[in-house]
Amino acid sequence: MRIAIVDDHKMLLGALTEWIRGAADDIRMVAAVASWPELLTHPEFPVDVVLLDLDLKDNIPISLKLSTLKTTGVRTVLMSTYSEPAVVREALAAGALGYLVKSEDAEMIVEAIRAASKGESFISAELDLALNAGELGGAPKLSAQERRVMALYGAGEPVKAVAFQLGISDETAKSYLKRIREKYRVAGYDVGTKVALRKRAIQDGILLQND
């Protein structure tokens, strides 16, 4: 898939470009620019997915950027250094498919790009926790990929098999499990053991119980 990055911090732009190039064979970086106009006028635009800095300090509303990208068929993953739940909710409501804090590792950024290319949402773990912090008592909101990981792992598959079936690395599978457990912990449920996680997956309809 063809992606572009827009970030006004030149150093971060360079680092992100190198990270992603080194982390994934199926992603081709075709544009790395520092401003919104540069993206729109780039010869490679439109691309499949744009990694877009939330605050480019250009006074153009993020909702306008998102709607522009949507009309050209481009899917957007937003990046930011801050994570106020209200800002995240607003961005997702305006059409962003993903939202990452810039401290995420390269593998998670790659996962977010892949999810967006399929039309799936992806929110970094700490943002998800912030968004769901006030919703105790209910099942936490899991991404499509997290549900897949929980279903496979809860069905008895070892981490290596889960990773293999989903086409991700063992480390990424482990980080998904860590995120799932953390989300449930915040929601008031302990799924620290495989048995507890399986039980919860069945209760929440993520895993169908075989008779």
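Everything below is about the structure printed above this text.
Residues numbered from 1 in each chain as written. Predicted model: local features only at pLDDT ≥ 70, side-chain atom pairs only at ≥ 80, totals over all residues. Heavy atoms only, no water.

Let us look at the sheet that holds strand β1 (residues 2-6). Note: strands within a sheet are paired through backbone hydrogen bonds, in either parallel or antiparallel orientation. In space, the six strands of this open sheet follow the order β2-β1-β3-β4-β5-β6, with parallel pairing throughout. Edge positions in the sheet fall to β2 (28-33) and β6 (122-123), since each has one partner strand and no second. Pairing analysis gives five bridges linking strand β3 (residues 49-53) to strand β4 (residues 75-80), with the strands arranged parallel. Within β4, the residue paired with V50 across the bridge is T76. In the packing of helix α1 (residues 10-23) onto the sheet, the strands contacted are β1, β2, β3 and β4, and the crossing angle to β2 comes to about 175 degrees. (Pairing = 2+ DSSP bridges. Helix = DSSP H or I, 4+ residues; strand = E, 2+ residues; numbered from the N terminus. Contact = heavy atoms within 4.5 Å. Axes fitted to C-alpha atoms, helices over the stretch in contact; angles between N-to-C directions.)

Further remarks concern helix α10 (residues 194-203). Within α10, the full set of buried residues consists of L197, R200 and A201. Buried positions in α10, seen along its axis, are confined to an arc of 100 degrees and lie on one side of it. In α10, the exposed positions that point more than 90 degrees away from the buried face belong to V195 and K199. Buried positions along α10 lie against α7 (144-154) and α9 (170-186). Of the residues trailing α10, G205 is marked for its positive phi of about 75 degrees. (Buried < 20%, exposed > 50% of the residue type's maximum accessible area, 1.4 Å probe, protein only. Arc of directions from axis to C-beta.)

The values reported here are purely geometric and, on their own, carry no functional implication.
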